[in-house]
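For reference, the chains in residue letters:
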Amino acid sequence: MSQVDAPRGRTCSRTLRSVALLASGVLALPALAACSADESERTGKAAAPDIAAAARDEVADGGTLRWAIDAMPTTLNAFQADADAATTRIAGAVLPSLFTLDKSGRPQRNPDFVESAEIVDREPKQVVLYKLNQKAVWSDGREIGAPDFVAQWRALSGKDSAYWTARNAGYERIEEIQKGANDLEVKVTFTKPYADWQSLFTPLYPKEVTAAPNAFNDGARDGLKVTAGPFRLGPLDRKAGTATLVRNPRWWGEQAKLENLVFTAVPRDKRADALAAGRVDIAEIDRGTATRIAGAAGPGHASGRPSSPAGQTPSSAPKGGAVPHGSGDDKALARSRSLAAYVAAQTALKGYELRKSLEPAYTQLALNGESGPLADARVRRAVARALDRKELAETVLSPLGLPADPPGSHLALAGQSAYTDNSGALGEQNTEEAQALLAEAGWTPGGLKKPAPAKAGSEAGTSASPKSSGFPSSAPGRDAGQGDAASDDGLYIVGDDKPASAVHGPASGGTRILAPAPAAAGRELALPGRPGSDDEARGAGTQDKKGEVAGAYAPRGTAAPVVAGAVGKNGKPLSLRFVLPSGPGSEPLRAVGAKVARMLDRIGIRTEITKVADSGYFKDHIASGNYDLALYSWPATAYPATDARPIFAKPEPASDGSLLVEQNYTRVGTDYINQLFDQAAAELDQDAARDLVRRADARIWAAAGSIPLYQRPELVAAKPAVRNAGAFGFAAPRYQDIGFKKG
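Residues numbered from 1 in each chain as written. Predicted model: local features only at pLDDT ≥ 70, side-chain atom pairs only at ≥ 80, totals over all residues. Heavy atoms only, no water.

## A short note on the overall build of the protein
No. 1: Across its full length, the protein carries 17 helices and 23 strands.
No. 2: Residues classed as buried in the protein amount to 54% of the 743 residues present.
No. 3: In the protein, of all internal contacts separated by at least 6 residues, the share reaching a separation of at least 24 is 75%.
No. 4: Carbon and sulfur atoms provide 51% of the accessible area of the protein, an area that totals close to 30,700 Å². (Helix = DSSP H or I, 4+ residues; strand = E, 2+ residues; numbered from the N terminus. Buried < 20%, exposed > 50% of the residue type's maximum accessible area, 1.4 Å probe, protein only. Contact = heavy atoms within 4.5 Å. Areas by Shrake-Rupley, 256 points an atom, 1.4 Å probe, with all protein chains shown as cover.)

## Here we look at helix 17 (residues 686–703)
No. 1: Compared with the 26 Å implied by 1.5 Å per residue over 18 residues, the 26 Å span of helix 17 between its first and last C-alpha is a close match.
No. 2: With respect to burial, helix 17 is a largely interior element, 15 of its 18 residues being buried.
No. 3: The distance from a side-chain oxygen at the start of helix 17 to the backbone nitrogen of D687 is 3.1 Å, and the residue carrying that oxygen is D685.
No. 4: Count one or two residues on from helix 17 and you reach A704, which has phi positive near 55 degrees. (Expected span 1.5 Å × (residues − 1). Polar contact = N/O pair within 3.5 Å; in protein donor to acceptor, adjacent residues only side chain to side chain.)

## Observations concerning the side chain of D737
No. 1: Structurally, D737 is set in the loop between strand 22 (722–723) and strand 23 (739–740).
No. 2: Polar contacts involving the side chain of D737 include one to the side chain of R734, which spans 2.6 Å.
No. 3: For D737, the contacting residues outside a window of four places in its chain are R56, V59, E254, K257, R723 and N724.

## Notes on helix 12 (residues 587–601)
No. 1: Helix length check: helix 12 (15 residues) gives 21 Å between terminal C-alpha atoms against 21 Å at 1.5 Å per residue, within 8%.
No. 2: The element helix 12 is extensively covered by neighbouring structure, given that eleven of its 15 residues are classed as buried.
No. 3: Residues of helix 12 that are buried include every one of E587, P588, L589, R590, A591, V592, G593, V596, A597, M599 and L600, and no others.

## Some details on the packing of aromatic side chains
No. 1: One pass over the full model with this rule turns up 19 aromatic pairs.
No. 2: Ring centres of W67 and F263 lie 5.6 Å apart, and the angle between their planes is 40 degrees; on these two criteria the pair is classed as tilted. With W67 in strand 1 (residues 64–69) and F263 in strand 10 (residues 260–265), this pair connects stretches of sequence that are 196 residues apart.
No. 3: Ring centres 5.5 Å apart and planes at 50 degrees place the aromatic pair Y130 and F149 in the tilted group. Of this pair, Y130 sits in strand 5 (residues 127–132) while F149 sits in helix 3 (residues 146–156); the two residues are 19 residues apart in sequence, bridging distant segments of the chain. (Phe/Tyr/Trp six-rings, centres within 6.5 Å; stacked < 30°, edge-to-face > 60°.)

## Observations concerning the pattern of salt bridges
No. 1: On inspection of all chains with the given rule, the structure shows 32 salt bridges.
No. 2: For E284, the salt bridge is made with R268, and the minimal N-O distance between the two is 3.6 Å. Pair noted here: E284 is in strand 11 (residues 282–284) and R268 is in the loop between strand 10 and helix 6 (271–276), with a separation of 16 residues, a long-range link.
No. 3: A relative accessible area of 21% places E284 in the partly exposed class.
No. 4: With relative accessibility at 15%, the residue R268 sits in the buried group.
No. 5: Linked through salt bridges whose partners overlap, the residues forming this network are R56, D112, E254, R734 and D737. (Salt bridge = Lys/Arg side-chain N within 4 Å of Asp/Glu carboxyl O.)

## What about the nonpolar core?
No. 1: The biggest cluster of nonpolar side chains holds 91 residues, and the ones touching the most others in it are L275, L365, L438, L631, I707 and L709.
No. 2: Among the elements that line this core, the one with the most residues is helix 17, at six residues.
No. 3: Membership of the second largest hydrophobic core comes to 73 residues, among which are M72, L76, F79 and A220. (Core = buried A, V, L, I, M, F, W, Y, C linked by side-chain atoms within 4.5 Å.)

## Re the pairing of strand 8 (residues 231–237)
Each regular strand shows side chains that alternate between the opposite faces of the sheet.
No. 1: In terms of strand pairing, strand 8 meets strand 9 (residues 242–247) through five bridges, oriented antiparallel. Residue L236 lies in a different strand from strand 9, and its bridge partner there is A243. (Pairing = 2+ DSSP bridges.)

## Observations regarding the pairing of strand 17 (residues 606–612)
No. 1: Within strand 17, six of the seven residues are buried, which leaves it mostly tucked inside the rest of the structure.
No. 2: Of the strand pairs in this sheet, strand 16 (residues 575–581) and strand 17 are connected by seven bridges, and their pairing is parallel. Across the sheet, the residue bridging to F578 is I609, located in strand 17.
No. 3: Crossover handedness for the path strand 16 to helix 12 to strand 17: right-handed. (Right-handed = clockwise from strand over helix to strand, strands pointing away.)

## A short note on the packing of helix 7 (residues 287–297) against helix 8 (residues 330–349)
A packed helix pair is summarised by two numbers, namely the angle formed by the two axes and the spacing between the axes.
No. 1: Two numbers describe how helix 7 lies on helix 8: the axes approach to 8 Å, and their chain directions differ by 80 degrees. Judged on the interaxial angle alone, helix 8 and helix 7 are roughly perpendicular. Contacts between helix 7 and helix 8 pair R292, I293, G295 and A296 from the former with Y342, A345, Q346 and L349 from the latter.
No. 2: Its residues assigned to classes, the contact of helix 7 with helix 8 comprises five nonpolar, two polar and one charged. (Axes fitted to C-alpha atoms, helices over the stretch in contact; angles between N-to-C directions. Parallel < 35°, antiparallel > 145°, perpendicular 65-115°, else oblique. Nonpolar A, V, L, I, M, F, W, Y, C, P; charged D, E, K, R; others polar.)

## With respect to unusual backbone geometry
No. 1: Cis geometry marks the peptide bond from E123 to P124; its omega dihedral reads 0 degrees.
No. 2: Mapped onto the secondary structure, P124 falls in the loop between strand 4 (114–121) and strand 5.
No. 3: Following T202, the chain continues into P203 via a peptide bond in cis, with omega recorded as -5 degrees.
No. 4: Structurally, P203 is set in the loop between strand 7 (185–190) and helix 4 (207–210).
No. 5: The backbone phi angle of F201 is positive, close to 60 degrees, even though this residue is not glycine.
No. 6: Secondary-structure assignment places F201 in the loop between strand 7 and helix 4.
No. 7: One non-glycine residue, R667, lies in the positive phi region at around 60 degrees.
No. 8: As for its position among the elements, R667 is in the loop between strand 20 (659–660) and helix 16 (671–682).
No. 9: When its relative accessible area of 7% is taken as the criterion, R667 is described as buried.

## A word on the environment of V137
No. 1: Residue placement: V137 occurs in the loop between strand 5 and helix 3.
No. 2: Looking at V137, the relative accessible area reads 17%, which means it is buried.
No. 3: When the C-alpha atoms of V137 and P96 are compared, they prove to be 9.9 Å apart, with 41 residues separating the residues in sequence.
No. 4: Residue contacts for V137: discarding those within four places in its chain leaves R142, E143, I144, A228, R250 and W252.

## Thoughts on the packing of helix 9 (residues 377–386) against helix 11 (residues 431–440)
No. 1: Across the interface, helix 9 lies against helix 11 with an axial gap of 8 Å and an inter-helix angle of 165 degrees. One element, helix 9, and the other, helix 11, form an angle in the roughly antiparallel class. For the element pair helix 9 and helix 11, the recorded crossing hand is left-handed. Contacts between helix 9 and helix 11 pair R378, V379, R381, A382, R385 and A386 from the former with E433, A434, L437, L438 and E440 from the latter.
No. 2: Looking at side-chain class alone, the contact of helix 9 with helix 11 contains six nonpolar, no polar and five charged residues. (Left-handed = near helix turned anticlockwise from the far one by under 90°.)

## Digging into the confidence of the model for the protein
Fine structural detail should not be taken from predicted coordinates in areas where pLDDT scores are low.
No. 1: Summing up the model confidence of the protein, the mean pLDDT is 81 and the portion of residues at 70 or higher is 75%.
No. 2: Contacts for the low-pLDDT stretch residues 302–326, under 50 throughout, to residues beyond four places or in other chains number 39 contacts.
No. 3: Contacts of residues 457–562 to residues separated by more than four positions or lying in other chains number 250 contacts, the stretch itself having pLDDT below 50. (pLDDT = per-residue confidence, 0-100.)

## Notes on the sheet that holds strand 7
No. 1: Strand order in the open sheet formed by four strands is 4-5-7-6, with antiparallel pairing between adjacent strands. Looking along the sheet, the strands with just one partner apiece sit at the ends: strand 4 and strand 6 (174–179). Averaged over neighbouring strand pairs, the angle between their axes works out to 15 degrees when direction is ignored.
No. 2: In this sheet, strand 7 lies alongside strand 6 in antiparallel orientation, the contact comprising five bridges. When the bridges of strand 7 are listed, K179 appears paired with V186.
No. 3: Of the strands in this sheet, strand 5, strand 6 and strand 7 are in contact with helix 3, which crosses strand 6 at around 165 degrees.

Following this line, the structure appears as structure tokens:
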């Protein structure tokens, strides 16, 4: 693979000039512009949170806020594999967080727990000294101190397999933890330098949870006897689907405004009904529900007009809601009742307002590079160069009135200190250059013709000139030597165990998925589409018993049509299997997928879109490698050297022939990317560490296994009186400030 690197040096502002990727496949270095003292020119600006921010004296004391979560947490231990977003929400309100993220996604010391935290020694070993808030105590009255740090370190170090942990990044680098000059000081010594030390001990659990394997594994599943936060854990009612937090009387900081905070389990597709019924005060919602709320609020609100129940419009309903008397038309009666219920729900939704920002996560086009055409980096780059990322971002974000700037980094988002637009390492959209890359890889319009049988004599070794293929190319085509045969010579067959494009997935030895990346616990990798009712991209079809979708496939044995201008090699078209979820909340995702397919069609790449059940989309297709192209999202992190490495690390072969991919589901990576991550994780100079992260990102762009398309929208419905809560963006909620407007 051709070499490319981001500009080296300190953290001066850089502008990366887009570089033409010629048919030779050589990637040039992005140009370095003049430095600027204004860091914001390099990092960009994060989308502002939308939380109805108010000063504490404007928030009423008391009250109960009902906050929707997807489901009741199966554990309250954030370091276990089955921890989820609800686990993270609860832990943030009841446990110590030594560092929290600000609205720009940068870690900040939490003064409620830590008076200072800094590196006090670098040689011979890194030593971090924490000075704890002298008022900080657990709910049983015991001081927060070194014993809690020691117990958590030992539980998460990875040295004792009796602890069922999902992540231990950073903790395995700790050599010892000691009490400092007094009980309020904790000294942490590392065996080797660790740049992301601020990520450790958040949340911090009491030693009662972490000191013994049994307590760690099972003791925090249904409760936390000891907590330390503005709230403490109250009743967990799994039957009612509620987790109640109550004001902590031992809290030493500013008293929580709310008396109670009740997390209420409401599935995403039931949020609109729950809001209309007044069951919750605040809920993250999908685009369809956002459209209904905006419509209920009347004209002048973003997100478009409200959708109606399927097959119903006000004009098609009986006037005045009347039912045809004596008609016996049960369908008309059902429609009328449904419409009446819908109108009543819309009236109730007027009691909520929409709060919106950009979620700290981005949606990417993933290109499975394990085998087949996409194993050739030139083909992957051609796919990337065919995409108009701005148009794709606008498809999702512009109708919501949100900024539609495509992310320029895989490892940080705009506003974060590690952010730089490194997309210039790959280049901007350019159809001609994409076609040239395909031609260099041997994919040309002339390649659709099956080669003639070899002739005897001197004619046997002759071959046609690539310039006669009819495909514009400035370099002779050559075979990349990759297996790229489609199933049954390009036939798109229903029920074929080997889907079209040979399902360029796991190797014959299979693929192993390792433990989740450190940041993944409590922040699940999510589908870009959320359950909802908007109808941006119709034609999802209905699911059959096998989880596939009616209408997603041609009849058995039907050959997929060859698109005019399509490219091929050795008589076979370049065809990629594009897997998309079929659920009702994935319409925006399918709309993006349809546009991607049209953009690839312009350079001669045929896509075979396969719609699959949401429930198996990730496990059965993404994680298993059963796809060529797919859309899914990754959460952003303030610690990319640690958290992003498993996502982009080069997969390694195991002794049994299987592939260890960790979380790199594109199966694309290089040794040098791994080295840059390792160097960044060990670099204690923040400027130098950020520079290493940016260089790693430039390499990831050049590898073209993952193409960031847009930052996900964050849509929240809230009662107008709710203050300091909503679409948080990067910022961590400050739970003690959340409440209702005074008066």
